[in-house]
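Fold and geometry: a report
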Amino acid sequence: MSGFALSRLVGLVAALGALLSAAAPPAWAGRIAPEVDGALRAKPPGARHRVIVRLPGAPALDESALHGRSKAFRSRAVVGALRSIEREQRPVIETLKGHRAVGNVDRLRSLWIANAVAVEASENTLRDLAAAYPDLEIVEDRPIRLLAATSNLTQVKAPDVWALSPQGYTGEGVVIAIVDTGVDGAHPALSTRYRRGSNGWFDAFDEHATPFDANGHGTAVAGIAVGGDASGSAIGVAPGARWIAAKIFSDNPTAQAFESDAAAGLQWALDPDGNPSTDDGADVINGSFEVAGASAVCDANSLLRSAVTQVRNAGVVAVFASGNAGSPVVPAAYPEAMAVGAVDQNDVLYVFSGQGTTACRPTSVYPDLVAPGVAVTSADTTLGGATPGSPVQSVTGTSFAAPHVAGAAALLLSAYPHLSVNSIVAALSMSAVDLGIAGSDDQFGAGRLDTLGALNYVKQNLPAPPAGAEVKQLGGALGVMWLPSPTTMVSSYSVSRNGAVLATGVTGSSYDDSSASTSASYTYTVSAVKNGIASDVADAMLANISRGETLTTDRVDGFDLVVLQAAMGSAPGMANWNPAADLNGDGLVNSADFAILSTHFGQVMK
């Protein structure tokens, strides 16, 4: 039996297996980290301790295996891969539930985003856990804290993007997750922008079933990103975008929030409905907080670093405030994040804006860029409608610069929905208004945000994909050949096989894959790159839905139709799911795949 799939096909099941790898162990010896052991000894018997329990084999997903894929595909692949190892946590969680039943555990949460468990428990419980599971690592759950309209919108040229002719862009079709103190869902400037439903709100402390903000910080952040009322008046950069929110701080102003709360918020933003096969996760995440007392600590195995890495792997733009102490902070300093500093309305650097060199980014500047963050007008909390009208507040800090960039990313995605994170970062950085010394520096980064400039940068540099791609057998190798992109000044091409990058910076119009086996089934993709902006992928070959049965010719025929019909209507996780039948790689087998098969019916594979 023969069959085929277009080059965009990468079977999700195969992708999950290729993505998973093990992270390196920590440098310290023993199962309980020294700082935790010291805290356990210092507190009286029965005291509670907030810790992170890290399981072995924390997932580290290979970015190359996701190259060129859509955000929807990346989200399904990454979340599916992460949740597939969630079952490894069950024995540990059941043990902790047993301790909770006798009053020794107060809080318990699975964090599949980093293969970890957050728990607040007694010393005896933690020492018993370490003894029972010698492969576990128990580390500190570090506290986090907040980084404590509309000339700002004009300054970043957001209204110019809205007013473009023949079509302006306001962020329509894009979802921004606000990971913060919550968001006031009753505020008139925000209520119409909220994506309502069971997948729009998460409260790490289970204090409110619907969006609420006792502090006002998250409400101001959301206002700057997406704010605008039903009359069409806008206070946010992307007033056509929708927001969802994860409240990671308690209403109690004296209560601490912890690293695990932030990771839980990021985890929820990737998969709000708990179903990896649905694409309801955020397209952009804004985090205006920092880990307290951990300035630019770049442990690759830390919970929050792992979480931010998976956000990036899932194809989600992760924007963080650069800090208000004049030096780098995490998570903004992680190389997977976009760090945003603050300037005033005259482009003068905010005196406390986080800046400087950091070991987290040995080859790049900090911050990435800057945006307005001094005396910015935004929404204030109504405390769930208790305060009438549309209250506003004047806010200052990098917390309020970051959502300008989150909103700008939404504007780019509304204009070009298939842009990769790398392309968005390149567009925002390359188009920024240069400030300070010439070129990128460790005060202003690439410069001050210019949303119109970023949109024009993509328009000028987005190449058309190469055409006429095909694969031929060349002796013991497979040769991938394509017609050059019609776009002028394309700098290079990127070639992938079965979703993994084979080569980047290819300057010709062919690539010989000498490592391929001529008896196996492969799918190839080729994309053009111009000044950091990548094109959509080109179809490189027809591949089989199902190999293994003898057939004299290798072509698309009625056997393939039978295979496709058997999988029709399926999605990952369903009994009849066949990833090879998902010909367009959208995670569903439906009429669109049937149309592709019909187009190529009778063709013989090269």
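Please refer to the structure higher up on the page.
Read on for an overview of the structure. Per-chain numbering applies: the sequence of each chain, read as written, is numbered from 1 onward. Totals for whole chains, interfaces and linings use every residue, but because this is a predicted model, local features are given only for residues with pLDDT of at least 70 and side-chain atom pairs only at 80 or more, for both listing and counting. Side-chain descriptors were evaluated using all non-hydrogen atoms of the structure, hydrogens and water having been removed beforehand.

We now examine unusual backbone geometry. Geometrically, the link from Val330 to Pro331 is a cis peptide bond, its omega value of 15 degrees lying close to zero. Counting from the N terminus, the helices are the DSSP runs of H or I reaching at least four residues and the strands are the DSSP runs of E reaching at least two. Assignment of secondary structure puts Pro331 in the loop between strand E12 (317-321) and strand E13 (338-343). Cis geometry is adopted by the peptide bond preceding Pro367, which originates at Tyr366 and carries an omega value of 5 degrees. Here Pro367 is to be found in the loop between E13 and strand E14 (369-372). Notably, Ala375 is not glycine yet its phi reads approximately 55 degrees, a positive angle. Examined against the element boundaries, Ala375 turns out to sit in the loop between E14 and strand E15 (376-379). Under the scheme applied here, a residue whose accessible area is under 20% of the maximum for its type counts as buried, over 50% as exposed, and between as partly exposed, the area being computed with a 1.4 Å probe on protein chains only. What makes Ala375 exposed here is its relative accessible area of 51%. Phi angles above zero are rare outside glycine, and Asn531 is one such case at about 50 degrees. Positionally, Asn531 belongs in the loop between strand E22 (524-530) and strand E23 (533-534). For Asn531, a relative accessible area of 43% translates into the label partly exposed.

Summarising the element assignment, Asn275 is placed in the loop between helix H10 (259-270) and strand E10 (284-287). With 298 residues separating them along the chain, Asn275 and Gly573 place their C-alpha atoms 9.9 Å apart.

What follows is about the pattern of salt bridges. By salt bridge we mean one thing: a side-chain nitrogen of Lys or Arg within 4 Å of a carboxyl oxygen of Asp or Glu. The final tally for this structure, using the stated rule, is 21 salt bridges. One salt bridge in this structure joins Lys97 and Glu94, with 3.8 Å as the shortest N-O distance. One end of the pair is Lys97 and the other is Glu94, both in helix H4 (residues 90-101) and three residues apart, which spans about a single turn. Of the residues examined, Glu94 reaches a relative accessible area of 48% and is grouped as partly exposed. The network of salt bridges with shared partners includes Arg50, Arg107, Arg109, Asp141 and Asp261.

This paragraph deals with the packing of aromatic side chains. Working definition: an aromatic ring pair is given by the centre-to-centre distance plus the angle between the planes. The aromatic pairing rule takes the rings of Phe, Tyr and Trp, using the six-membered ring of Trp, and pairs them if the centres are within 6.5 Å, calling planes under 30 degrees apart stacked, those over 60 edge-to-face and the rest tilted. The final tally for this structure, using the stated rule, is five aromatic pairs. Both rings, one in Phe202 and one in Trp268, keep their centres 6.0 Å apart while their planes meet at 20 degrees; by these two values the pair is stacked. Of this pair, Phe202 sits in strand E7 (residues 201-203) while Trp268 sits in helix H10; the two residues are 66 residues apart in sequence, bridging distant segments of the chain. Trp268 carries the same exposure label as Phe202, and that label is buried. The interplanar angle of 55 degrees and the centroid separation of 5.5 Å between the aromatic rings of Trp482 and Tyr493 together place this pair among those described as tilted. Of this pair, Trp482 sits in strand E18 (residues 477-483) while Tyr493 sits in strand E19 (residues 492-497), and the two are 11 residues apart along the sequence. Here Trp482 and Tyr493 have matching classes, each one buried.

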